[in-house]
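# Secondary and tertiary structure notes
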Amino acid sequence: MAVTIHIPGALRPYVGGSGAVDVEAPTVSQALAELTRTHERLRPHLFQEDGRLRSFVNVYVNERDIRDLAREATPLQPGDEVTIVPSIAGGATARPS
Amino acid sequence: MRIERSVLEAIRAVAERAYPHEGCGLLVGDAGPDGEAFVRRHLPVDNQSVEQGTSRNRYLIAPGDFLKAERAVTGEGLQIVGIYHSHPEAPAKPSAYDREHAWPWYRYLIVSVSRGTAGEARAWELVDDRSEFVEHTVAVEDSN
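Described in the following lines is the structure provided in the data block. Note that the structure is a prediction, hence the values are computed from the model and not measured.

This part is about the interface of chain B and chain A. Each partner contributes residues to the interface: chain B has 31 residues there, and chain A has 30 residues. When the buried area of chain B at its contact with chain A is split by residue, Asn57, Pro63 and Trp103 of chain B rank highest and sum to 24% of it. At the surface where chain B touches chain A, the tally comes to 2 salt bridges. The tally of links between chain B and chain A comes to 12 residue pairs in polar contact (both at pLDDT 80 or more). Every element with two or more residues in the side of chain B that touches chain A is listed here: β4 (59-61), α3 (63-75), β5 (79-88) and α4 (96-101) of chain B. Looking at the side of chain B that touches chain A element by element, the count peaks at 6 residues for α3 of chain B. Considering only residue class, the side of chain B that touches chain A consists of 14 nonpolar, 8 polar and 9 charged. Of the strand pairs in this sheet, strand β6 (residues 88-90) of chain A and β4 of chain B are connected by 3 bridges, and their pairing is antiparallel. When the bridges of β4 of chain B are listed, alanine 89 of chain A appears paired with leucine 60 of chain B.

Moving on, we get to the environment of phenylalanine 66 of chain B. Here phenylalanine 66 of chain B is to be found in helix α3. Separated by 52 residues in sequence, phenylalanine 66 of chain B and alanine 118 of chain B place their C-alpha atoms 25 Å apart.

Cut-off values and rules
- Residues numbered from 1 in each chain as written.
- Chains lettered and ligands numbered in written order.
- Predicted model: local features only at pLDDT ≥ 70, side-chain atom pairs only at ≥ 80, totals over all residues.
- Heavy atoms only, no water.
- Contact = heavy atoms within 4.5 Å.
- Buried area = accessible area lost by both parts, 1.4 Å probe.
- Salt bridge = Lys/Arg side-chain N within 4 Å of Asp/Glu carboxyl O.
- Polar contact = N/O pair within 3.5 Å; in protein donor to acceptor, adjacent residues only side chain to side chain.
- Helix = DSSP H or I, 4+ residues; strand = E, 2+ residues; numbered from the N terminus.
- Nonpolar A, V, L, I, M, F, W, Y, C, P; charged D, E, K, R; others polar.
- Pairing = 2+ DSSP bridges.

This is the structure we're talking about:
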């Protein structure tokens, strides 16, 4: 039985328009790896070039932020709901005043 | 990008009220089969950068606020089609910081504010390889 990854609107064009993708994976890290293996164009929007998750990409497992769990090593059980949630950030200049 | 006139005016008012800080919120509407976004309303969201003391040239929408909004508008048959924010005393063009943190597909509406008065509003979209923004025309429409 798979886990379900919920995809925010901004990324749905990269998964054929779907709001959710099912993958078989024992951890969050492996679930995201499987997601980007099958949908390669997602990768630059989720991961930095060094392979780390971008800082404004948040991942929840069953409504809990993985930063409060074991981060990307958070284990998954069949039927778990993984949700990718954007932080939205920006601003007029490169340096905070 | 199409937007109702009353919505654009309300967004400009948010930008003016937030001055000299950045104001921000979400663009809610729908997207046609050709990908064109139609903004039917907006949701102002607290700028979390206020707590960090950087809100004169930063905005931050917390993930919890975003998720709550996305679920609410989806229940109404609409979707979040973009984000708006203001640039106090700066042009309505994305900064390098905007690009670094941008999501694809969303329209980014930026309102320039000078001396407390909202100026031009321009819409932008990040390209697939994250190298730059392309500009979209802002087509203002009167409600029927």
